[in-house]
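Understanding the architecture of this molecule
Residue strings, one per chain:
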Amino acid sequence: MTSIKVIEQCQVAPPPGSLPSTTLPLTFFDIPWFYCHPVQRIFFYHFPHPTHHFLQTTLPILKHSLSLSLQHFFPFSSNLIVPPNPHHHVPYIRYLDGDSLSFTVAESAADFNLLISDSPQDVQNWHPLVPTLPSHLTEEDGTRVFPLMAIQITVLPNSGFSICLTFNHLAGDGKSLHHFIKYWASVSKATRSGDLSLTPLEGSLSLPFHDRNRVKDPKGLKLVYTRELLDSESEKMEFAGIVQDVYTNKVRATLVLSRERVEKLKKWTTLKCALGIQHVSTFVVTCSLIWVCMIKSEQSNVNCVDEHQLCYLVFLADCRGRPELSIPSTYFGNCLATCIVAIKRGELVGENGIVEVANAIQREVRDWKKDALRRTETLMSDYRELAKPGQCVVVVAGSPKLGVYETDFGWGKPKKSEAVHLDSSGSISLSDCRDKEGGSGIEVGLALERIRMTAFLNIVEAQLNNIVAHE
(Lines give C-alpha, C1' and ligand atoms only; values in the text may rest on other atoms or scores of the structure.)
Protein backbone atom coordinates (compact mmCIF):
# COMPACT_ATOMS: atom_id res chain seq x y z
CA MET A 1 0.00 0.00 0.00
CA THR A 2 1.51 3.32 -1.14
CA SER A 3 1.32 6.22 1.31
CA ILE A 4 0.11 9.66 0.29
CA LYS A 5 1.29 13.22 0.81
CA VAL A 6 -1.44 15.61 1.95
CA ILE A 7 -1.16 18.88 0.04
CA GLU A 8 -4.18 20.72 1.38
CA GLN A 9 -6.84 20.17 4.01
CA CYS A 10 -9.73 22.63 3.92
CA GLN A 11 -13.49 23.06 4.05
CA VAL A 12 -15.78 23.77 1.09
CA ALA A 13 -19.14 25.43 1.68
CA PRO A 14 -21.97 26.75 -0.46
CA PRO A 15 -21.41 30.40 -1.50
CA PRO A 16 -21.86 32.68 1.56
CA GLY A 17 -25.46 33.78 2.03
CA SER A 18 -26.67 31.63 -0.87
CA LEU A 19 -29.26 29.75 1.19
CA PRO A 20 -30.90 30.17 4.58
CA SER A 21 -30.33 28.01 7.63
CA THR A 22 -32.73 25.10 7.51
CA THR A 23 -33.55 21.71 8.97
CA LEU A 24 -34.71 18.51 7.33
CA PRO A 25 -36.54 15.82 9.30
CA LEU A 26 -35.54 12.20 8.87
CA THR A 27 -38.26 10.04 7.29
CA PHE A 28 -39.01 6.37 7.84
CA PHE A 29 -36.92 5.70 4.71
CA ASP A 30 -33.90 7.26 6.49
CA ILE A 31 -33.98 5.78 9.99
CA PRO A 32 -32.89 2.20 9.09
CA TRP A 33 -29.63 3.57 7.67
CA PHE A 34 -28.40 4.20 11.21
CA TYR A 35 -27.19 0.61 10.91
CA CYS A 36 -25.07 1.40 7.85
CA HIS A 37 -21.32 2.00 7.65
CA PRO A 38 -20.25 5.14 5.76
CA VAL A 39 -20.53 4.76 1.99
CA GLN A 40 -17.43 5.37 -0.14
CA ARG A 41 -17.51 5.99 -3.90
CA ILE A 42 -14.34 6.59 -5.94
CA PHE A 43 -13.79 7.83 -9.51
CA PHE A 44 -10.48 7.63 -11.40
CA TYR A 45 -9.73 10.03 -14.28
CA HIS A 46 -6.90 10.13 -16.84
CA PHE A 47 -4.73 13.24 -16.38
CA PRO A 48 -1.22 12.99 -17.94
CA HIS A 49 0.18 16.12 -16.29
CA PRO A 50 2.35 16.91 -13.25
CA THR A 51 0.88 17.78 -9.86
CA HIS A 52 1.63 21.50 -10.07
CA HIS A 53 -0.35 21.70 -13.33
CA PHE A 54 -3.32 20.03 -11.64
CA LEU A 55 -3.13 22.39 -8.65
CA GLN A 56 -2.97 25.48 -10.87
CA THR A 57 -5.51 24.61 -13.56
CA THR A 58 -7.85 21.89 -12.35
CA LEU A 59 -8.23 22.12 -8.59
CA PRO A 60 -9.70 25.66 -8.59
CA ILE A 61 -12.40 24.57 -11.05
CA LEU A 62 -13.30 21.50 -8.99
CA LYS A 63 -13.51 23.49 -5.73
CA HIS A 64 -15.51 26.36 -7.22
CA SER A 65 -17.99 24.07 -8.97
CA LEU A 66 -18.37 22.01 -5.78
CA SER A 67 -19.27 25.13 -3.82
CA LEU A 68 -21.88 26.12 -6.41
CA SER A 69 -23.34 22.61 -6.39
CA LEU A 70 -23.60 22.46 -2.59
CA GLN A 71 -25.93 25.45 -2.76
CA HIS A 72 -28.52 23.06 -4.19
CA PHE A 73 -27.35 19.83 -2.55
CA PHE A 74 -26.86 21.42 0.87
CA PRO A 75 -27.52 18.26 2.96
CA PHE A 76 -24.03 17.05 2.07
CA SER A 77 -22.51 20.12 3.73
CA SER A 78 -24.94 19.85 6.63
CA ASN A 79 -24.74 17.88 9.87
CA LEU A 80 -26.78 15.16 11.49
CA ILE A 81 -28.03 16.45 14.84
CA VAL A 82 -28.55 13.89 17.61
CA PRO A 83 -30.21 15.57 20.64
CA PRO A 84 -29.06 14.59 24.16
CA ASN A 85 -32.36 12.76 24.73
CA PRO A 86 -33.22 11.23 21.35
CA HIS A 87 -36.12 9.31 22.95
CA HIS A 88 -37.99 12.60 23.03
CA HIS A 89 -36.29 14.52 20.22
CA VAL A 90 -35.70 12.61 17.00
CA PRO A 91 -32.38 13.19 15.19
CA TYR A 92 -32.55 15.49 12.15
CA ILE A 93 -30.37 17.16 9.51
CA ARG A 94 -29.40 20.81 10.08
CA TYR A 95 -27.79 23.35 7.77
CA LEU A 96 -26.47 26.62 9.19
CA ASP A 97 -24.97 29.38 7.06
CA GLY A 98 -21.26 28.61 6.83
CA ASP A 99 -21.55 24.85 7.27
CA SER A 100 -19.12 22.99 5.04
CA LEU A 101 -17.67 19.61 4.19
CA SER A 102 -14.13 18.34 4.67
CA PHE A 103 -12.04 18.59 1.48
CA THR A 104 -8.59 17.01 1.19
CA VAL A 105 -6.08 17.27 -1.67
CA ALA A 106 -3.29 14.71 -1.72
CA GLU A 107 -0.58 13.23 -3.96
CA SER A 108 0.24 9.55 -4.40
CA ALA A 109 3.02 7.65 -6.13
CA ALA A 110 0.79 4.59 -6.63
CA ASP A 111 0.53 2.91 -10.03
CA PHE A 112 -2.53 4.42 -11.75
CA ASN A 113 -2.89 1.50 -14.17
CA LEU A 114 -2.88 -0.97 -11.28
CA LEU A 115 -5.50 1.02 -9.39
CA ILE A 116 -7.92 1.03 -12.34
CA SER A 117 -7.32 -2.62 -13.26
CA ASP A 118 -10.25 -5.05 -13.22
CA SER A 119 -7.94 -7.87 -12.11
CA PRO A 120 -7.72 -8.80 -8.42
CA GLN A 121 -5.71 -6.34 -6.34
CA ASP A 122 -5.13 -5.84 -2.63
CA VAL A 123 -8.13 -4.04 -1.14
CA GLN A 124 -5.77 -1.78 0.78
CA ASN A 125 -4.44 -0.22 -2.44
CA TRP A 126 -7.35 2.25 -2.50
CA HIS A 127 -7.53 3.01 1.22
CA PRO A 128 -5.10 5.99 1.20
CA LEU A 129 -7.32 7.63 -1.44
CA VAL A 130 -10.42 7.49 0.78
CA PRO A 131 -11.37 10.36 3.13
CA THR A 132 -12.58 9.70 6.66
CA LEU A 133 -15.64 11.47 7.99
CA PRO A 134 -14.56 13.93 10.70
CA SER A 135 -15.39 12.93 14.26
CA HIS A 136 -18.57 14.31 15.74
CA LEU A 137 -18.66 17.39 17.96
CA THR A 138 -20.62 17.70 21.18
CA GLU A 139 -22.38 20.99 21.95
CA GLU A 140 -22.74 22.39 25.47
CA ASP A 141 -26.18 20.84 26.02
CA GLY A 142 -24.94 17.39 24.98
CA THR A 143 -26.22 17.54 21.40
CA ARG A 144 -23.97 15.57 19.06
CA VAL A 145 -23.17 16.97 15.61
CA PHE A 146 -22.10 14.50 12.91
CA PRO A 147 -20.68 15.66 9.53
CA LEU A 148 -22.36 13.91 6.60
CA MET A 149 -19.73 14.01 3.82
CA ALA A 150 -15.99 14.25 3.20
CA ILE A 151 -14.22 14.45 -0.18
CA GLN A 152 -10.62 13.66 -1.12
CA ILE A 153 -8.94 14.35 -4.44
CA THR A 154 -5.66 12.51 -4.98
CA VAL A 155 -3.26 13.34 -7.80
CA LEU A 156 -1.19 10.56 -9.35
CA PRO A 157 1.42 12.67 -11.19
CA ASN A 158 1.52 12.37 -14.99
CA SER A 159 -1.12 9.63 -14.88
CA GLY A 160 -4.44 10.67 -13.40
CA PHE A 161 -6.39 11.71 -10.34
CA SER A 162 -9.11 10.23 -8.16
CA ILE A 163 -12.16 11.80 -6.56
CA CYS A 164 -13.47 9.87 -3.57
CA LEU A 165 -16.55 10.73 -1.52
CA THR A 166 -17.33 9.29 1.90
CA PHE A 167 -20.82 10.00 3.18
CA ASN A 168 -23.36 8.98 5.78
CA HIS A 169 -26.22 7.06 4.14
CA LEU A 170 -28.68 8.95 6.35
CA ALA A 171 -28.14 11.96 4.06
CA GLY A 172 -29.41 10.18 0.96
CA ASP A 173 -29.32 7.06 -1.20
CA GLY A 174 -27.32 6.20 -4.30
CA LYS A 175 -29.64 8.07 -6.63
CA SER A 176 -29.28 11.23 -4.52
CA LEU A 177 -25.50 10.83 -4.37
CA HIS A 178 -25.12 10.41 -8.13
CA HIS A 179 -27.56 13.25 -8.83
CA PHE A 180 -25.22 15.45 -6.79
CA ILE A 181 -22.02 14.11 -8.39
CA LYS A 182 -23.36 14.51 -11.92
CA TYR A 183 -24.53 18.05 -11.15
CA TRP A 184 -21.10 18.93 -9.74
CA ALA A 185 -19.45 17.34 -12.79
CA SER A 186 -21.69 19.30 -15.16
CA VAL A 187 -20.88 22.61 -13.48
CA SER A 188 -17.17 21.74 -13.54
CA LYS A 189 -17.26 20.81 -17.23
CA ALA A 190 -19.13 24.00 -18.15
CA THR A 191 -16.66 26.09 -16.12
CA ARG A 192 -13.65 24.42 -17.75
CA SER A 193 -15.04 24.93 -21.24
CA GLY A 194 -15.75 28.57 -20.45
CA ASP A 195 -19.32 28.12 -21.67
CA LEU A 196 -21.36 28.83 -18.56
CA SER A 197 -24.52 28.58 -20.66
CA LEU A 198 -24.01 24.81 -20.45
CA THR A 199 -25.47 24.70 -16.99
CA PRO A 200 -27.07 21.52 -15.67
CA LEU A 201 -30.43 23.27 -15.46
CA GLU A 202 -30.54 23.56 -19.23
CA GLY A 203 -29.44 19.99 -19.71
CA SER A 204 -30.84 16.72 -18.44
CA LEU A 205 -30.13 17.41 -14.76
CA SER A 206 -32.78 19.19 -12.73
CA LEU A 207 -32.53 20.51 -9.18
CA PRO A 208 -33.10 18.19 -6.23
CA PHE A 209 -36.48 18.10 -4.48
CA HIS A 210 -36.06 18.55 -0.71
CA ASP A 211 -39.63 18.62 0.61
CA ARG A 212 -39.74 15.72 3.10
CA ASN A 213 -43.46 16.27 3.65
CA ARG A 214 -44.07 14.39 0.40
CA VAL A 215 -43.06 11.19 2.20
CA LYS A 216 -46.31 10.08 3.80
CA ASP A 217 -46.16 7.76 6.81
CA PRO A 218 -49.68 6.39 7.42
CA LYS A 219 -48.34 3.43 9.44
CA GLY A 220 -46.34 5.65 11.83
CA LEU A 221 -43.15 3.81 10.88
CA LYS A 222 -40.81 6.69 11.74
CA LEU A 223 -41.79 6.54 15.41
CA VAL A 224 -41.69 2.73 15.44
CA TYR A 225 -38.24 2.63 13.81
CA THR A 226 -36.85 5.34 16.09
CA ARG A 227 -37.99 3.54 19.23
CA GLU A 228 -36.57 0.23 18.03
CA LEU A 229 -33.30 1.88 17.09
CA LEU A 230 -32.90 3.69 20.42
CA ASP A 231 -33.79 0.63 22.46
CA SER A 232 -30.90 -1.30 20.94
CA GLU A 233 -28.44 1.23 19.56
CA SER A 234 -28.67 4.46 21.56
CA GLU A 235 -25.17 4.08 22.97
CA LYS A 236 -23.71 3.18 19.57
CA MET A 237 -24.75 6.21 17.54
CA GLU A 238 -21.30 6.75 16.13
CA PHE A 239 -21.07 7.41 12.41
CA ALA A 240 -17.35 7.94 11.82
CA GLY A 241 -16.96 4.38 10.59
CA ILE A 242 -14.60 3.33 13.35
CA VAL A 243 -15.17 -0.38 12.88
CA GLN A 244 -11.74 -1.84 12.28
CA ASP A 245 -12.02 -4.58 9.69
CA VAL A 246 -9.34 -7.16 8.98
CA TYR A 247 -8.20 -7.02 5.35
CA THR A 248 -5.54 -9.74 5.42
CA ASN A 249 -5.29 -11.47 2.05
CA LYS A 250 -8.43 -9.75 0.78
CA VAL A 251 -8.55 -8.60 -2.83
CA ARG A 252 -11.07 -6.69 -4.91
CA ALA A 253 -11.88 -7.34 -8.54
CA THR A 254 -14.29 -6.18 -11.21
CA LEU A 255 -16.08 -8.79 -13.26
CA VAL A 256 -17.20 -7.42 -16.63
CA LEU A 257 -20.12 -9.22 -18.25
CA SER A 258 -20.45 -8.24 -21.90
CA ARG A 259 -23.85 -7.65 -23.46
CA GLU A 260 -23.44 -10.85 -25.47
CA ARG A 261 -22.84 -12.93 -22.34
CA VAL A 262 -25.71 -11.26 -20.49
CA GLU A 263 -28.11 -11.96 -23.37
CA LYS A 264 -27.09 -15.62 -23.51
CA LEU A 265 -27.54 -15.90 -19.76
CA LYS A 266 -30.99 -14.29 -19.98
CA LYS A 267 -32.05 -16.60 -22.81
CA TRP A 268 -30.86 -19.70 -20.93
CA THR A 269 -32.51 -18.61 -17.66
CA THR A 270 -35.82 -17.74 -19.35
CA LEU A 271 -36.00 -21.21 -20.87
CA LYS A 272 -35.28 -22.84 -17.50
CA CYS A 273 -37.49 -20.71 -15.24
CA ALA A 274 -40.58 -22.43 -13.87
CA LEU A 275 -42.77 -19.32 -13.66
CA GLY A 276 -43.47 -19.04 -17.36
CA ILE A 277 -41.63 -15.73 -17.43
CA GLN A 278 -41.33 -14.13 -20.86
CA HIS A 279 -38.58 -11.73 -19.86
CA VAL A 280 -35.82 -12.03 -17.27
CA SER A 281 -33.99 -8.79 -16.53
CA THR A 282 -30.24 -8.21 -16.60
CA PHE A 283 -30.42 -7.50 -12.85
CA VAL A 284 -32.05 -10.87 -12.10
CA VAL A 285 -29.65 -13.02 -14.12
CA THR A 286 -26.57 -11.13 -12.94
CA CYS A 287 -27.49 -11.41 -9.26
CA SER A 288 -28.40 -15.09 -9.73
CA LEU A 289 -25.08 -15.94 -11.36
CA ILE A 290 -22.94 -13.97 -8.92
CA TRP A 291 -24.69 -15.16 -5.75
CA VAL A 292 -24.56 -18.83 -6.72
CA CYS A 293 -20.88 -18.60 -7.70
CA MET A 294 -20.00 -16.75 -4.47
CA ILE A 295 -21.59 -19.49 -2.36
CA LYS A 296 -19.87 -22.19 -4.42
CA SER A 297 -16.50 -20.44 -4.02
CA GLU A 298 -17.04 -20.29 -0.26
CA GLN A 299 -17.80 -24.01 -0.10
CA SER A 300 -14.71 -24.85 -2.15
CA ASN A 301 -12.59 -23.59 0.77
CA VAL A 302 -14.64 -25.06 3.64
CA ASN A 303 -14.70 -28.74 4.60
CA CYS A 304 -17.94 -28.77 6.57
CA VAL A 305 -21.00 -26.76 5.59
CA ASP A 306 -24.65 -26.89 6.61
CA GLU A 307 -26.65 -27.40 3.44
CA HIS A 308 -29.83 -26.45 5.32
CA GLN A 309 -28.48 -23.04 6.36
CA LEU A 310 -30.49 -20.16 4.94
CA CYS A 311 -28.49 -17.76 2.79
CA TYR A 312 -29.82 -14.26 2.17
CA LEU A 313 -29.61 -11.91 -0.80
CA VAL A 314 -30.61 -8.33 0.01
CA PHE A 315 -31.29 -5.78 -2.71
CA LEU A 316 -32.92 -2.37 -2.79
CA ALA A 317 -35.68 -0.95 -4.95
CA ASP A 318 -36.18 2.75 -5.70
CA CYS A 319 -39.65 3.90 -4.63
CA ARG A 320 -39.55 7.25 -6.46
CA GLY A 321 -42.31 7.49 -9.02
CA ARG A 322 -44.42 4.79 -7.42
CA PRO A 323 -48.04 5.98 -7.87
CA GLU A 324 -49.09 5.04 -4.34
CA LEU A 325 -46.27 7.16 -2.84
CA SER A 326 -46.24 10.20 -5.17
CA ILE A 327 -42.55 10.95 -4.58
CA PRO A 328 -40.89 12.74 -7.52
CA SER A 329 -37.88 11.29 -9.34
CA THR A 330 -35.68 14.20 -8.17
CA TYR A 331 -36.45 13.63 -4.47
CA PHE A 332 -33.27 14.03 -2.41
CA GLY A 333 -32.92 11.63 0.50
CA ASN A 334 -33.47 7.93 1.01
CA CYS A 335 -36.34 6.36 -0.89
CA LEU A 336 -35.51 2.68 -1.01
CA ALA A 337 -37.47 -0.45 -0.20
CA THR A 338 -35.58 -3.51 1.02
CA CYS A 339 -36.09 -6.82 -0.76
CA ILE A 340 -34.85 -10.05 0.83
CA VAL A 341 -34.47 -13.46 -0.79
CA ALA A 342 -33.75 -16.50 1.42
CA ILE A 343 -32.66 -19.85 -0.03
CA LYS A 344 -31.05 -22.89 1.57
CA ARG A 345 -27.36 -23.29 0.84
CA GLY A 346 -27.90 -26.76 -0.63
CA GLU A 347 -30.37 -25.42 -3.19
CA LEU A 348 -28.03 -22.58 -4.14
CA VAL A 349 -25.16 -24.87 -4.99
CA GLY A 350 -27.38 -27.53 -6.58
CA GLU A 351 -27.68 -28.25 -10.27
CA ASN A 352 -30.51 -25.72 -10.70
CA GLY A 353 -29.12 -23.07 -8.35
CA ILE A 354 -29.16 -20.17 -10.81
CA VAL A 355 -32.72 -20.97 -11.87
CA GLU A 356 -33.88 -21.29 -8.23
CA VAL A 357 -32.40 -17.89 -7.44
CA ALA A 358 -33.80 -16.26 -10.58
CA ASN A 359 -37.28 -17.50 -9.72
CA ALA A 360 -36.95 -16.26 -6.14
CA ILE A 361 -35.72 -12.81 -7.16
CA GLN A 362 -38.51 -12.53 -9.74
CA ARG A 363 -41.07 -13.34 -7.04
CA GLU A 364 -39.62 -10.75 -4.69
CA VAL A 365 -39.63 -8.08 -7.41
CA ARG A 366 -43.19 -9.01 -8.38
CA ASP A 367 -44.33 -8.73 -4.75
CA TRP A 368 -42.59 -5.35 -4.39
CA LYS A 369 -44.39 -4.08 -7.48
CA LYS A 370 -47.69 -5.07 -5.90
CA ASP A 371 -46.87 -3.38 -2.56
CA ALA A 372 -43.72 -1.26 -2.31
CA LEU A 373 -43.93 -1.07 1.50
CA ARG A 374 -44.73 -4.71 2.20
CA ARG A 375 -41.63 -5.34 4.34
CA THR A 376 -41.53 -2.03 6.16
CA GLU A 377 -43.20 -3.08 9.41
CA THR A 378 -40.63 -5.82 10.10
CA LEU A 379 -37.64 -4.09 8.53
CA MET A 380 -35.72 -3.19 11.69
CA SER A 381 -36.07 -6.68 13.17
CA ASP A 382 -35.11 -8.15 9.78
CA TYR A 383 -31.93 -6.06 9.78
CA ARG A 384 -31.04 -7.14 13.31
CA GLU A 385 -31.53 -10.77 12.34
CA LEU A 386 -29.35 -10.43 9.25
CA ALA A 387 -26.62 -8.73 11.29
CA LYS A 388 -26.23 -11.66 13.71
CA PRO A 389 -22.84 -13.42 13.64
CA GLY A 390 -22.65 -16.41 11.33
CA GLN A 391 -25.37 -15.28 8.94
CA CYS A 392 -24.68 -15.77 5.23
CA VAL A 393 -25.70 -12.46 3.67
CA VAL A 394 -24.85 -10.79 0.35
CA VAL A 395 -26.06 -7.22 -0.19
CA VAL A 396 -26.39 -5.80 -3.70
CA ALA A 397 -25.30 -2.15 -3.92
CA GLY A 398 -25.48 0.24 -6.84
CA SER A 399 -27.32 -0.10 -10.12
CA PRO A 400 -26.43 0.18 -13.83
CA LYS A 401 -29.21 2.77 -14.03
CA LEU A 402 -27.08 5.22 -12.00
CA GLY A 403 -24.73 5.61 -14.98
CA VAL A 404 -21.51 6.12 -13.02
CA TYR A 405 -19.43 6.18 -16.22
CA GLU A 406 -21.38 9.18 -17.48
CA THR A 407 -19.75 11.37 -14.80
CA ASP A 408 -17.54 13.80 -16.76
CA PHE A 409 -15.99 16.72 -14.88
CA GLY A 410 -14.44 18.05 -18.09
CA TRP A 411 -11.54 15.63 -18.37
CA GLY A 412 -13.43 12.75 -19.98
CA LYS A 413 -15.37 9.85 -18.53
CA PRO A 414 -13.95 7.89 -15.59
CA LYS A 415 -11.39 5.18 -16.25
CA LYS A 416 -12.92 3.37 -13.31
CA SER A 417 -15.57 3.94 -10.66
CA GLU A 418 -16.36 1.66 -7.75
CA ALA A 419 -17.84 1.45 -4.26
CA VAL A 420 -14.80 1.21 -1.97
CA HIS A 421 -16.76 0.06 1.08
CA LEU A 422 -17.39 -3.34 -0.54
CA ASP A 423 -14.24 -4.64 1.12
CA SER A 424 -15.77 -4.33 4.59
CA SER A 425 -19.52 -4.49 4.05
CA GLY A 426 -20.07 -7.90 2.46
CA SER A 427 -21.67 -6.25 -0.56
CA ILE A 428 -21.34 -6.61 -4.29
CA SER A 429 -21.85 -3.62 -6.57
CA LEU A 430 -23.49 -3.37 -9.96
CA SER A 431 -22.81 -0.59 -12.45
CA ASP A 432 -22.87 0.25 -16.12
CA CYS A 433 -19.79 -0.63 -18.16
CA ARG A 434 -16.82 1.64 -18.74
CA ASP A 435 -16.34 0.33 -22.29
CA LYS A 436 -19.70 0.37 -24.05
CA GLU A 437 -18.50 -0.76 -27.46
CA GLY A 438 -20.81 -3.52 -28.65
CA GLY A 439 -23.64 -2.59 -26.36
CA SER A 440 -24.39 -2.21 -22.70
CA GLY A 441 -22.88 -4.87 -20.47
CA ILE A 442 -22.62 -4.77 -16.70
CA GLU A 443 -19.77 -4.47 -14.19
CA VAL A 444 -19.81 -6.39 -10.91
CA GLY A 445 -17.47 -5.30 -8.13
CA LEU A 446 -16.66 -7.48 -5.13
CA ALA A 447 -14.00 -8.19 -2.52
CA LEU A 448 -13.06 -11.67 -1.25
CA GLU A 449 -10.13 -13.48 0.33
CA ARG A 450 -7.50 -14.04 -2.34
CA ILE A 451 -7.93 -17.84 -2.53
CA ARG A 452 -11.71 -17.55 -2.66
CA MET A 453 -11.54 -14.85 -5.37
CA THR A 454 -9.52 -17.17 -7.60
CA ALA A 455 -12.08 -19.92 -7.05
CA PHE A 456 -14.98 -17.51 -7.67
CA LEU A 457 -13.63 -16.23 -11.00
CA ASN A 458 -12.94 -19.79 -12.18
CA ILE A 459 -16.46 -20.92 -11.19
CA VAL A 460 -18.07 -17.96 -12.99
CA GLU A 461 -16.13 -18.67 -16.16
CA ALA A 462 -16.98 -22.38 -16.03
CA GLN A 463 -20.65 -21.62 -15.40
CA LEU A 464 -20.86 -19.21 -18.34
CA ASN A 465 -19.05 -21.63 -20.64
CA ASN A 466 -21.45 -24.38 -19.60
CA ILE A 467 -24.45 -22.18 -20.42
CA VAL A 468 -23.05 -21.38 -23.87
CA ALA A 469 -22.39 -25.08 -24.49
CA HIS A 470 -26.05 -25.92 -23.75
CA GLU A 471 -27.57 -23.24 -25.98
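Throughout what follows, the structure given in this document is the object of discussion.

Calculation rules
Residues numbered from 1 in each chain as written. Predicted model: local features only at pLDDT ≥ 70, side-chain atom pairs only at ≥ 80, totals over all residues. Heavy atoms only, no water. Helix = DSSP H or I, 4+ residues; strand = E, 2+ residues; numbered from the N terminus. Rg over C-alpha atoms; globule rule 2.2 N^0.38 Å. Buried < 20%, exposed > 50% of the residue type's maximum accessible area, 1.4 Å probe, protein only. Contact = heavy atoms within 4.5 Å. Areas by Shrake-Rupley, 256 points an atom, 1.4 Å probe, with all protein chains shown as cover. Lys, Arg positive; Asp, Glu negative; His and termini not counted. Charge placed at Lys NZ, Arg CZ, Asp CG, Glu CD. Pairing = 2+ DSSP bridges. Core = buried A, V, L, I, M, F, W, Y, C linked by side-chain atoms within 4.5 Å. Salt bridge = Lys/Arg side-chain N within 4 Å of Asp/Glu carboxyl O. Polar contact = N/O pair within 3.5 Å; in protein donor to acceptor, adjacent residues only side chain to side chain. Expected span 1.5 Å × (residues − 1). Axes fitted to C-alpha atoms, helices over the stretch in contact; angles between N-to-C directions. Parallel < 35°, antiparallel > 145°, perpendicular 65-115°, else oblique. Nonpolar A, V, L, I, M, F, W, Y, C, P; charged D, E, K, R; others polar. Phe/Tyr/Trp six-rings, centres within 6.5 Å; stacked < 30°, edge-to-face > 60°. Lys NZ or Arg CZ within 6 Å of the ring centre and 35° of its normal.

Along the protein, the regular secondary structure elements total 11 helices and 18 strands. For 471 residues, the compact-globule formula gives about 23 Å, and the C-alpha radius of gyration of the protein, at 22 Å, lands near that figure. Dimensions of the protein, computed from the C-alpha atoms along their principal axes, are close to 65 × 55 × 45 Å. Here the protein holds 471 residues, and 52% of them are scored as buried. Pairs at least 24 apart in sequence give 79% of the contacts found in the protein among residues at least 6 apart. Summed over its atoms, the accessible surface of the protein is roughly 20500 Å², and 52% of this surface lies on carbon and sulfur atoms. Treating the 45 positive side-chain charges of the protein as one cloud and the 49 negative ones as another, the clouds have centres 5 Å apart.

Bridge analysis of strand 13 (residues 310-318) against strand 15 (residues 392-398) gives four bridges, and the strand direction is parallel. The residue bridging V314 from the neighbouring strand is V395, located in strand 15. Sheet topology places strand 15 next to strand 17 (residues 427-431); four bridges connect them, and they run parallel. Looking across to strand 17, one finds that G398 is bridged to L430.

Turning our eyes to something else, we now look at unusual backbone geometry. You will see that N158, though not glycine, has its phi angle at about 65°, which is positive. Among the secondary structure elements, N158 is positioned in the loop between strand 10 (149-156) and strand 11 (160-167).

Attention now goes to the nonpolar core. Grouped together as the largest cluster of nonpolar side chains are 118 residues, with contacts concentrated most on F103, I163, L165, F180, W291 and F456. The biggest single contributor to this core is helix 6 (residues 282-299), with 10 residues. F44, L115, W126 and C164 belong to the second largest nonpolar core, which has 12 residues in total.

Assignment of secondary structure puts K250 in strand 12 (residues 250-257). The charged side chain of K250 is buried without a salt bridge, its nearest counter-charge being E449 at 5.1 Å. Engagement of the side chain of K250 in a polar contact is seen with the backbone oxygen of D423, the distance being 2.9 Å.

Here the focus is helix 3 (residues 174-193). The terminal C-alpha atoms of helix 3, which comprises 20 residues, lie 28 Å apart, in line with the 28 Å expected from a rise of 1.5 Å per residue. A positive backbone phi angle near 80° is found at G194, which sits one or two residues after helix 3.

This paragraph deals with the packing of helix 5 (residues 259-272) against helix 6. Put simply, helix 5 and helix 6 touch, their axes get as near as 9 Å, and they point 90° apart. Here helix 6 runs roughly perpendicular to helix 5, going by the angle between their axes. Contact residues: helix 5 offers V262, L265, K266 and T269, while helix 6 offers T282, V285 and L289. Tallied by class, the residues present in the contact of helix 5 with helix 6 amount to four nonpolar, two polar and one charged.

Quick look at helix 11 (residues 450-469) now. In a regular helix each residue adds 1.5 Å, so 20 residues correspond to 28 Å; helix 11 covers 29 Å between its end C-alpha atoms and thus fits that length. Buried residues along helix 11 sit in contact with strand 12, helix 5, helix 6, helix 8 (353-370) and strand 18 (442-449).

Turning next to the sheet that holds strand 17. Across the sheet, seven strands lie side by side as 7-12-18-17-15-13-14; this open sheet has mixed pairing. Both outer strands of the open sheet, strand 7 (121-122) and strand 14 (336-344), are each paired with one neighbouring strand and no more. Helix-sheet contacts for helix 9 (residues 379-386) involve strand 13, strand 14 and strand 15, and the interaxial angle to strand 14 is about 45°.

Contact geometry of helix 5 with helix 8 gives a least axis separation of 10 Å together with a crossing angle of 80°. It follows that helix 5 is roughly perpendicular to helix 8 by the angle criterion. Taken together, the residues of helix 8 that come into contact with helix 5 (itself represented by W268, T269 and K272) are I354, V355 and A358. Split into classes, the residues belonging to the contact of helix 5 with helix 8 amount to four nonpolar, one polar and one charged.

All right, on to the sheet that holds strand 10 then. Read from one edge to the other, the open sheet built from six strands follows the order 1-6-10-11-3-16, with strand pairing classed as mixed. Looking along the sheet, the strands with just one partner apiece sit at the ends: strand 1 (4-12) and strand 16 (416-419). For this sheet, the mean inter-axis angle between neighbouring strands, taken without regard to orientation, is 15°. Bridge count between strand 1 and strand 6 (residues 101-108): eight bridges; the pairing is antiparallel.

To continue, consider the packing of aromatic side chains. Applying the stated criterion across every chain, the model contains 20 aromatic pairs. Its guanidinium or amino end placed over the ring of W368, R322 lies 4.5 Å from that ring's centre, counting from NZ or CZ.

No statement about biological role is implied by the geometric values presented.
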